[in-house]
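Structure at a glance
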Amino acid sequence: MTDYKNLKLIATSSPHIRGNETTQGIMKDVIIAMLPALAFACFNFGLRALILTAVSVAGCAFFEWGYRKLMKKPDSVADLSCVVTGMLLAFVCPVQMPYWMILIGDFFAIVVVKQLFGGIGKNFINPALAGRAILLASYAGTMTSWVDPAVNKAALFGSNVDLVTAATPLSYMKGADAAAIAESFGTLTGTYSVSQMFMGQIGGSLGEVSSLLLIVGGVYLIWRKVINWQTPVAYIATVAVLTFLFPRAGSGMEWMLYSIFGGGLMLGAFFMATDYATSPVTKKGQLVFGIGCGLFTVLIRYFGSYNEGVCYSIMVMNLFVAFIDKYTKPTRFGVVKSDK
C-alpha cells in the first residue's frame, strides 16, 4: 500500500497544466506577422514609414520602462508587448504625422490605458486603438490627411506641408455623390480599382492599406495558433454580408469589395480584435465579438459622420467582453442546465 504520510506533495496555485508558449514568443509571432505590411508601407510611402514605426516602438518601450521604474515594479519591456503596441499605433496613423505627435499617442496607450490598469492582460480596451482615438480627437486635421503614394513620398525629417494628399476610398464612398462617381467613372471612387485597394496602392494609414499582406500576416498567426479564426472571420464576414445586401452605390459585390479592402478592416480583424486581454476567451464568444464588431463598423460607416468605424467598433465591443464570456462559457462537466 502507498504510504501517504511520507508523500511529498507541493501545493501551488492554478493553472496546473502549462504549455510552452510565452508572452515574448507570442509577441514575436505578431511582430513577424506585421513585417510584410511594414515592408510594403516603406515601399509605398517611403522610409519615413519605418522611422515613424521605430519612433513609436521606442516611445512605447520608454514609457513602459519609465512607469515600471517609477512605480518600483518589475521591468516588463522584455515581453515585447510594448513593441507590438508601438507598431500597431504607427500602423493606424498617417505616415506624415510629426514624430512628437505619435509619442503623445504612445504615452496614452502605455501609461493611461495599459499600465494604470495593472499592465499586460489587465487593460480593458486595446491600447493602440485608444492611442489612435485620443490622437484623432486631439489632432483631427493631421489624422485625416493621407499621402498620395502615386505622387510623392513623405520626407524623413522636416516639414511635409508640400506633400500631395488624397482622399481614401472610404472618403469617396462616404460622400453623397458616390453613386454619381460610380456612374461617371465606372468605379466607386473614380480613382482606385479593387485590385489597387487589395494590393495597397492607395492613400491611408501607414500599415492598413495592403489587404493582401495583412491577410498573409493573419493567416500566419492562425497557422501558428497565436489567434483563432473565429473573430477575424466573423468580423470580415459580417461586414461583407451587410455591405453586399445593402449597397449604397454600384452593385452589391462591388460595394462589398470596396468596403472590406478600403479601410482598416483587415488590420483590425486580424491584429486588433484578437488581442488576448480585450477579446473573449470562448470560441462562441469570439464569434459573437466578431459579429458585433462588424455590425458597429457598418453602422458607423453608414450613419456616422466619420467614414471609418473599425477603431471605435472594436473599442465598444471591448467593453462587452466580460459579459460575452459570462454567457458563452461552456457548461461544467456533470452540471445539468437546471442546476446552474
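So, here is what we can say about the structure in this document. (Residues numbered from 1 in each chain as written. Predicted model: local features only at pLDDT ≥ 70, side-chain atom pairs only at ≥ 80, totals over all residues. Heavy atoms only, no water.)

Moving on, we come to the layout of surface pockets. Here the largest pocket defines a volume of roughly 560 Å³. Considering the residues around the largest pocket, the lining is formed by 27 residues, among which Ile26, Met27, Ile120, Asp275 and Tyr276 are closest to the centre. Within the residue set of the lining of the largest pocket, elements represented by two or more residues are helix H1 (23-45), helix H3 (81-91), helix H5 (127-138) and helix H13 (265-272). Considering only residue class, the lining of the largest pocket consists of 15 nonpolar, nine polar and three charged. In this structure, the second largest pocket encloses a volume near 210 Å³. Along the walls of the second largest pocket sit Val226, Ile227, Asn228, Thr231, Thr274, Tyr276, Ser279, Pro280, Val281 and Gln286, which together make up its complete lining. (1 Å grid on protein atoms, 1.4 Å probe; cavity = no way out; pocket = protein on both sides within 12 Å on 5 of 7 lines; lining within 4 Å. Points joined across faces, edges and corners; volume = space filled by probe spheres on them. Helix = DSSP H or I, 4+ residues; strand = E, 2+ residues; numbered from the N terminus. Nonpolar A, V, L, I, M, F, W, Y, C, P; charged D, E, K, R; others polar.)

Here we come to the nonpolar core. Formed by 86 residues in total, the largest nonpolar core has its most connected members in Met34, Leu88, Leu206, Tyr235, Phe271 and Ile314. The element contributing the most residues to this core is H1, with 12 residues. Those residues in contact with Ile314 that lie beyond four places of it in its chain are Leu129, Tyr235, Gly268, Met272, Ala273, Phe289 and Cys293. (Core = buried A, V, L, I, M, F, W, Y, C linked by side-chain atoms within 4.5 Å. Buried < 20%, exposed > 50% of the residue type's maximum accessible area, 1.4 Å probe, protein only. Contact = heavy atoms within 4.5 Å.)

Here we come to the side chain of Glu308. Following the sequence through the fold, Glu308 ends up in the loop between helix H14 (283-303) and helix H15 (310-318). Polar contacts involving the side chain of Glu308 include one to the main-chain amide nitrogen of Gly264, which spans 2.7 Å. Engagement of the side chain of Glu308 in a polar contact is seen with the side chain of Arg301, the distance being 2.8 Å. Setting aside residues up to four positions removed in sequence, Glu308 forms contacts with Leu170, Gly263, Gly264, Ile300 and Arg301. (Polar contact = N/O pair within 3.5 Å; in protein donor to acceptor, adjacent residues only side chain to side chain.)

Helix H4 (residues 99-114) packs onto H3 with a crossing angle of 135° between their chain directions and a minimal axis gap of 10 Å. Regarding the angle of H3 to H4, the classification is oblique. Judged by the twist between their axes, the crossing of H3 over H4 is right-handed. Along its contact with H3, which presents Ser81, Cys82, Thr85, Leu89 and Ala90, the element H4 presents Ile102, Gly105, Asp106, Ala109, Ile110 and Lys114. The residue makeup of the contact of H3 with H4, split by class, is six nonpolar, three polar and two charged. (Axes fitted to C-alpha atoms, helices over the stretch in contact; angles between N-to-C directions. Parallel < 35°, antiparallel > 145°, perpendicular 65-115°, else oblique. Left-handed = near helix turned anticlockwise from the far one by under 90°.)

Once that is clear, we can look at the side chain of Thr328. The residue Thr328 is located in helix H16 (residues 321-328) in this model. A polar side-chain atom of Thr328 sits 2.7 Å from a polar atom in the side chain of Thr282. Within the local environment of Thr328, its side chain forms a polar contact with the backbone oxygen of Ile324, the two atoms lying 2.6 Å apart. Look past the residues within four positions of Thr328 in its chain and what remains in contact with it is Thr282, Lys284 and Gly285.

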